[in-house]
Protein chains: 2
Amino acid sequence: MTRYQHLASLLAERIEQGLYRHGEKLPSVRSLSLEHGVSISTVQQAYQVLENQQLIVPRPRSGYFVAPRKMQPPEPAMTRPVQRPVEVTQWDEVMTLLDGRSDKNLLTFGGGAPDISHPSLKPLWREMSRVVQHNLQEVFSYDDLAGRQELREQIARLMLDGGANITADELIITSGCHNALSVALLAVCKPGDIVAVESPCYYGTMQLLRSFDIKAIEIPTDSQTGISVEALELALEQWPIKGVILVPNCNNPLGFIMPEPRKRAVLALAQRHDIVIFEDDIYGELATDYPRPRTINSYDIDGRVVLCSSFTKTLAPGLRVGWIAPGRYRERVLQMKYAASGTNVPATQLAVAAFIRDGHYHRHLRRMRLHYQRQMEIYTCWVREYFPCGICVTRPKGGFMLWIELPESVDMVCVARQLTRLKIRVAPGSLFSASGKYRNCLRINCALPTSERHQQALKQVGEALHHAMEES
Amino acid sequence: MTRYQHLASLLAERIEQGLYRHGEKLPSVRSLSLEHGVSISTVQQAYQVLENQQLIVPRPRSGYFVAPRKMQPPEPAMTRPVQRPVEVTQWDEVMTLLDGRSDKNLLTFGGGAPDISHPSLKPLWREMSRVVQHNLQEVFSYDDLAGRQELREQIARLMLDGGANITADELIITSGCHNALSVALLAVCKPGDIVAVESPCYYGTMQLLRSFDIKAIEIPTDSQTGISVEALELALEQWPIKGVILVPNCNNPLGFIMPEPRKRAVLALAQRHDIVIFEDDIYGELATDYPRPRTINSYDIDGRVVLCSSFTKTLAPGLRVGWIAPGRYRERVLQMKYAASGTNVPATQLAVAAFIRDGHYHRHLRRMRLHYQRQMEIYTCWVREYFPCGICVTRPKGGFMLWIELPESVDMVCVARQLTRLKIRVAPGSLFSASGKYRNCLRINCALPTSERHQQALKQVGEALHHAMEES
């Protein structure tokens, strides 16, 4: 971090903490330069950064002022999907999103990649090199089917933070959270089964259901508190539902954390109707508030909550290290892991285990929680600035995704297609529904840099939206 | 390699090439010491190694002689499995075999691990370190769904050796060959389908069928020429078979290479009955003779031969790098890869691509082909020496597996259980059949070292077999 970036983030923190109030004048360039022992131009650069982030505004001949608190756009209301089991489609649209991953000219606001450029991740690079140099026998041999013991021990310890008391022997390592969920679904469900999902629901999850011929029933979900227990109960009474997939902590795409009473209520409902809960906790460690929220799995008493997670969002996707706490389904999950994906790469598992063991993981998490929070604030500012009026925007409690609801008339699928020509890729909301909802929504990945290039790109998205609204 | 090992392998080569004939006297210790400029004790150690390998025999006061050529035990006859579709079971037995992988006190003749200690593999370790240090962005990011382009290009080039003309864009990287086959099966088959297999058939493949609720029909197979085309045709006329899984090159477990006319005959049959051929080529590169045998895929004209392979046996299992040439099923295979296993680890892919690009792969292959050939000869000697009379042993054309048929009365499942107590694990033949055949057979992995410890262990297996025959 350069000197001016450091100063900018210090000032941003003070504004956030209310030390400088909205509308208040900020210290002069000269006095800040003296206070921090930096050059005048460093202070000017820092102020420029904050101005770009719309945290401060310059007034000619008076200096800089903290930007007035703008009206936050409202949050989206409870969703109202079609409440009957449907077959998932839209593979082609998802494939288009996946396809752009390695194209460096493409700005992919629609993807789910985390920020892997942070210095606190450096020890992981070192561990990877060390593992390859010193554990050759292990690195090149077959892994145990359940995964490396030393990693499972570290994960068992991490899971205590989410309230779960699970031993290393109960855990099974997978090739990421997506793979964990896929193995869990294969272990529990058969083709033709019905599984309930939050609505909107992450498109990758929906594609799993599609591939395994499982029908989805979308349940109304509140953007601040999560799935409607009443609506889920109604669905359970009407349909032979096998399980429900939930992302209760830092939901993807809505960003909510389900309140604890609701977590318990959903579990009680699952027990009453004897269904399985597939809990996706991939963003759970990235909750803004510390300590992190509890998992539904931590309340489980009869092994019906299968918890799936990974280090894809907290560390890096290229590691391909995830895990399952399979509850009562351990044997079936092992079988399906063997069949669907086989054993995993030992090298990345050993590196992650060492990274956690040496205390780097929690340090990195602390940084990233703050970092993503600030990123989401900046992106929210830009959205407010560049997007049309009359939109709803989520206020995520963690993770790094924003969900934006535009007026009904906007067709994001069309807009997304136009944006592809500008080398910008967004995820239209329709990908998050099996029944054609949310065509007027989009999800934005705030883990992308807040560089001028990204700001300009988001401005272009805004312009395309304005244009779409004028046309409709 | 130490000096005496080097000398031993030189002498072994000369014996093999016929420079020293069977029964002929070898040079004296003194003259060899002078010829090679090594100490007397080095020559003595080298002769000791060859004696242990039963290549030479000492005669008191006369020196060393090349061992007389022993009668080779006969090869197993054509197998006769039950010819109707059956459900695969035996997960527990397979799980027991998998479980022992990381127990260093266990000698696992029953596993499929290759020898990863050879010096020609060293550049791969270096490439791994280099990749981690210099390609951080790629190592930590999401992989393309189809896998790294630079690796697919290298594989496309390798596949020319097997006669196949496939572009990098047609290939899909997987997490090993087992995963390739699993994705291929998921892409083509539905639960309840019937798939034909060679008999005996690798137990991992059978477990895939079991997990995906696919029935297996075992087809009579000759230990020297492969699956019976007539029997397959008969089965195709009787049952609605979706496809056939074949390991035509260096078959696991029988070690045969299917003659080219038979490969073409099976393909013609598949075309006539419109079925898919799943070709498992994992051992194909390890054929003893060079150039390597052609794949059935190389004769394919309408994309019905889905070729699955990996670097698990040729390089190392811990890499988890395999591939599919999916023919007409590319789109479905990509979908099922996304669903079943997700994207792969970029680090190992990049390391393998560099290893091949720099010419290390072919050098390593040349070494390993010779190495495994010698290993199989030594293990065959030991089997002949320690096992009861009246057995049949395969004479593999490549790979590193021996298949041994004992008298009908021997129950290998029982013997295997007894051997577990001695910390020795073997793969009883029954794992290779869905209909309870081959209980009197076993498969031996000759990639294990030929150390005294392993010799003793194989002797113990022999003793257990003698004991079992006396009892029965």
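These numbers come from a predicted model, not from an experiment. (Residues numbered from 1 in each chain as written. Chains lettered and ligands numbered in written order. Predicted model: local features only at pLDDT ≥ 70, side-chain atom pairs only at ≥ 80, totals over all residues. Heavy atoms only, no water.)

**Some points on the pattern of salt bridges**
Two side chains carrying opposite charge are able to pair once their charged atoms lie near each other. Counting across every chain of the model gives 29 salt bridges over all chains. Of the charged contacts, one joins A:Asp281 and A:Arg292 as a salt bridge, the two residues approaching to 2.9 Å between their closest N and O atoms. With a gap of 11 residues between them, A:Asp281 in the loop between strand S9 (276-280) and strand S10 (305-310) and A:Arg292 in the loop between S9 and S10 connect regions that are remote in the sequence. Taken as a pair, A:Asp281 and A:Arg292 share a single burial class, namely buried. For the salt bridge of B:Glu138 with B:Arg148, the shortest nitrogen-to-oxygen distance reads 3.5 Å. Residue B:Glu138 is found in helix H6 (residues 136-140), and its partner B:Arg148 is found in the loop between H6 and helix H7 (149-159); the two are separated by 10 residues along the sequence. Residue B:Glu138 is classed as partly exposed on the basis of its relative accessible area, which comes to 25%. Its relative accessible area of 15% is what places B:Arg148 among the buried residues. Connected via shared salt-bridge partners are A:Asp274, A:Asp302, A:Arg304 and A:Arg328. (Salt bridge = Lys/Arg side-chain N within 4 Å of Asp/Glu carboxyl O. Helix = DSSP H or I, 4+ residues; strand = E, 2+ residues; numbered from the N terminus. Buried < 20%, exposed > 50% of the residue type's maximum accessible area, 1.4 Å probe, protein only.)

**Comments concerning the relation of the copies chain A and chain B**
In the superposition of chain A on chain B (RMSD 0.3 Å, axial shift 0.2 Å), the rotation amounts to 180°. The superposition of one copy onto the other is thereby described by a two-fold rotation axis. Most of the interface of chain A is mirrored in chain B: 98% of its interface residues are interface residues there too. (Least-squares fit on C-alpha atoms with pLDDT ≥ 70 in both. Contact = heavy atoms within 4.5 Å.)

**Here we look at the side chain of B:Thr394**
All names here are of chain B. Position of Thr394 among the secondary structure elements: in the loop between strand S12 (392-393) and strand S13 (401-405). Overall, Thr394 belongs to the buried group, its relative accessible area being 1%. Polar contacts involving the side chain of Thr394 include one to the main-chain amide nitrogen of Trp403, which spans 3.0 Å. If near-sequence neighbours (up to four positions away) are discounted, Thr394 is found in contact with Pro76, Ser223, Leu254, Met401, Leu402 and Trp403. (Polar contact = N/O pair within 3.5 Å; in protein donor to acceptor, adjacent residues only side chain to side chain.)

**A look at helix H2 (residues 29-36) of chain A**
Residues spaced three or four apart along an α-helix point in a common direction, a consequence of the helix completing one turn every 3.6 residues. Residue and element names in this part refer to chain A. Taken together, the buried positions of H2 are occupied by Val29, Leu32 and Ser33. End-on, the buried residues of H2 take up no more than an arc of 105°, which puts them together on one face. Those residues of H2 that are exposed and aimed more than 90 degrees away from the buried face are Arg30 and Leu34. Taken together, the buried residues of H2 touch helix H1 (3-16) and helix H3 (40-52). Among the residues trailing H2, Gly37 stands out with phi positive, at a value near 60°. (Arc of directions from axis to C-beta.)

**Quick notes on the confidence of the model for chain A**
Overall, the prediction assigns chain A a mean pLDDT of 93, with 99% of residues at 70 or greater. The ipTM value of the predicted complex is 0.87, and its pTM value is 0.88. (pLDDT = per-residue confidence, 0-100.)

**Quick notes on the interface of chain A and chain B**
The interface of chain A with chain B comprises 60 residues on the first partner and 59 residues on the second. A buried area of about 5,100 Å², summed over both sides, lies between chain A and chain B, and 64% of it is on carbon and sulfur atoms. Between the two partners, chain A and chain B, sit zero salt bridges. Where chain A packs against chain B, one counts 18 residue pairs in polar contact (both at pLDDT 80 or more). Among the elements of the structure, helix H4 (91-99), helix H5 (122-134), helix H6 (136-140), helix H8 (177-188), helix H9 (203-211), helix H12 (330-340) and helix H13 (346-357) of chain A are those that each provide at least two residues to the side of chain A that touches chain B. Examining the composition of the side of chain A that touches chain B, we find that seven residues originate from one element, H12(A), more than from any other. Considered class by class, the residues forming the side of chain A that touches chain B number 31 nonpolar, 21 polar and eight charged. (Buried area = accessible area lost by both parts, 1.4 Å probe. Nonpolar A, V, L, I, M, F, W, Y, C, P; charged D, E, K, R; others polar.)

**Regarding the pairing of S10(A)**
Residues and elements named next belong to chain A. Counting buried positions along S10 yields six of six residues, so the element is predominantly enclosed. Neither face of S10 is open: one carries Val305, Leu307 and Ser309, the other Val306, Cys308 and Ser310, and all of them are buried. With four bridges joining them, S9 and S10 adopt parallel strand pairing. By the bridge assignment for S10, Asp280 is matched with Cys308. Here S10 pairs with strand S11 (residues 322-325) via four bridges, running antiparallel. Its bridge partner being in S11, Ser309 is matched across the sheet by Trp323. (Pairing = 2+ DSSP bridges.)

**Some details on the environment of A:Glu16**
All names here are of chain A. Positionally, Glu16 belongs in helix H1. Using a relative accessible area of 41% as the deciding quantity, one classes Glu16 as partly exposed. Along the backbone, Glu16 and Pro27 are 11 residues apart, and their C-alpha atoms lie at a distance of 16 Å. In this view, Glu16 contacts Arg374 and Glu377; residues no more than four positions away in its chain are not counted.

**Thoughts on the environment of A:Ser41**
All names here are of chain A. Position of Ser41 among the secondary structure elements: in helix H3. Residue class for Ser41 comes out partly exposed when judged on its relative accessible area of 41%. Separated by 37 residues in sequence, Ser41 and Tyr4 place their C-alpha atoms 8.7 Å apart.

**Thoughts on the packing of aromatic side chains**
Describing an aromatic ring pair means giving the distance of the ring centres and the angle of the ring planes. On inspection of all chains with the given rule, the structure shows 24 aromatic pairs over all chains. Ring plane angle 35° and centroid distance 4.6 Å describe the contact between A:Tyr47 and A:Tyr64, whose orientation is recorded as tilted. Taken together, the positions of A:Tyr47 in helix H3 and A:Tyr64 in strand S2 (residues 63-66) put the pair 17 residues apart, joining distant regions of the chain. One exposure class covers both A:Tyr47 and A:Tyr64, and it is buried. Note on A:Tyr202 and A:Tyr203: the rings are 4.9 Å apart at their centroids and 50° apart in plane angle, and the pair reads as tilted. For A:Tyr202, a relative accessible area of 22% gives the class partly exposed. An aromatic cluster is present here, built from A:Tyr202, A:Tyr203, A:Trp403, A:Phe432 and A:Tyr438 joined pairwise through their rings. Across from the ring centre of B:Phe65, 3.8 Å away, lies the NZ or CZ of B:Arg59, which sits over that ring. (Phe/Tyr/Trp six-rings, centres within 6.5 Å; stacked < 30°, edge-to-face > 60°. Lys NZ or Arg CZ within 6 Å of the ring centre and 35° of its normal.)

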